[in-house]
Every structure is written in structure tokens, then in C-alpha cells.
Amino acid sequence: IYMGNGCVHLEGGTIDKCEAEMGGGLMAWGGVADISGGLIENCTAKVGGGIYIYEDSAVAMSGGQIIQCTALYDGGGIFYTAGTAAIAGSFTAKDNLAGTADNLASNNIYLDDKCVLRVSGALTSDASIGVSCADPAAERVVAEGSDGHFLTVSDAEKFISDAKTYGIKLNDAG
């Protein structure tokens, strides 16, 4: 699905085995996408196997799953380079990979440069969000509360370091 300054609402169904240069399942290049359910799986791209988020896009993910997607470079599940990405509820990004066939690694949501996921509501017990960063420096913020929601310990526990070389924790600001 290519979204250029339009609107997409996904609340069920499956996007399966799609291929593209960027955003194998959904290319968000401006506009608004609301994902409250459904499944994006087995999609491939050079970047953003499942979803590519760019420019003036606002992508809200409160449900649904992005699983078993693959990118050649980064963002097996999601490549987030600009715009806004908000998550809440039971949204799950797991079992996504990036790299060449002989060097695949876990890469669920790739946060480029200073991109930060906005957590706009409580994450449910079945939410699972794997994260990789362009700049995995100490104290790198990967998620913050938004829309009146403050991150909790329970929310933080839903985030997983794809690289397993850094940890996810709440900072003093929550």
C-alpha cells in the first residue's frame, strides 16, 4: 500500500508476501495511517519490510501485528525515519529480520537518528515491541508518553532490545 498524503485505516485482514523498494506492506509518505488490527507478514523491502514511515506521516498503531517481514538494510518490521509513530494497546512488532541471507539479525522497529516512538496509551499484556537504533548511545530515548499518557514500568517491559547489547528502562522523566 502506498500512502502519499492520504489516509489508511487497517482494522483487520492480512497484507502478506508483498515486496517494494521501501515499505513492503505500507509506504507512509505523508498522510495519516491508523492501524488498530490486522496482520502485515512476510513482506520484504530494502528498508522497512513491513512499514516505511517518512516525511509528514502520522502512523498510529494500537493493535495488529507486524511479523516475519524482512529488509535488506534496516527496519525488518518498521523503518521510522521521519514523521510521527504512535503506539498503544496490543500492537506487536516481532520476529522481523534485516540483513543478507547469510547475516540476518533481529530488526523489528528501526529508529533512525532522533526518532522516538510515542506511546499514546497503555500497552496491553500481549504487546511486544522490538527496537533497534541508528544511534544506540547510552541514555538514548526510544519511547516517550504522549497524548496525556505517561509511560509506566508495565509499558517499558513491552520493549525489547533487538541487538541485546543495550537495555530498555524508564528514565526519571517516565
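Just so we're clear, the structure is a prediction, and the values are computed from it rather than from any experiment. (Residues numbered from 1 in each chain as written. Predicted model: local features only at pLDDT ≥ 70, side-chain atom pairs only at ≥ 80, totals over all residues. Heavy atoms only, no water.)

**Brief notes about the pairing of strand β4 (residues 26–41)**
Logical step 1: Bridge count between strand β1 (residues 2–3) and β4: two bridges; the pairing is parallel. In the sheet register, Met3 faces β4, and the bridge partner there is Ala28.
Logical step 2: Summarising the sheet, strand β2 (residues 6–16) and β4 pair through nine bridges and their orientation is parallel. Considered in β4, the bridge of Leu10 is made with Ile35.
Logical step 3: As paired elements, β4 and strand β6 (residues 51–61) share nine bridges and run parallel to each other. Paired with Ala33 across the bridge in β6 is Val59.
Logical step 4: Inspection of the sheet shows β4 paired to strand β7 (residues 65–67) by three bridges, in the parallel sense. (Pairing = 2+ DSSP bridges. Helix = DSSP H or I, 4+ residues; strand = E, 2+ residues; numbered from the N terminus.)

**Remarks on the state of the cysteines**
Logical step 1: One pass over the structure, following the stated rule, counts zero disulfides.
Logical step 2: You can see Cys43 has no disulfide; the closest cysteine sulfur is in Cys18, sitting 4.3 Å from it.
Logical step 3: This cysteine, Cys133, is not joined by any disulfide, and Cys115 carries the nearest cysteine sulfur, 10.0 Å off. (Disulfide = S-S within 2.5 Å.)

**Side note on the sheet that holds strand β3 (residues 19–22)**
Within a sheet, each strand pairs with its neighbour through backbone hydrogen bonds, oriented either parallel or antiparallel.
Logical step 1: Spatial ordering of the open sheet is given by β3-β5-β8-β12-β13, a layout of five strands whose pairing is mixed. Each edge of the sheet is formed by a strand with only one pairing partner; in this case those strands are β3 and β13 (105–106).
Logical step 2: Sheet topology places strand β8 (residues 70–74) next to strand β12 (residues 97–98); two bridges connect them, and they run parallel. By the bridge assignment, Ala71 is partnered in β12 with Ala98.

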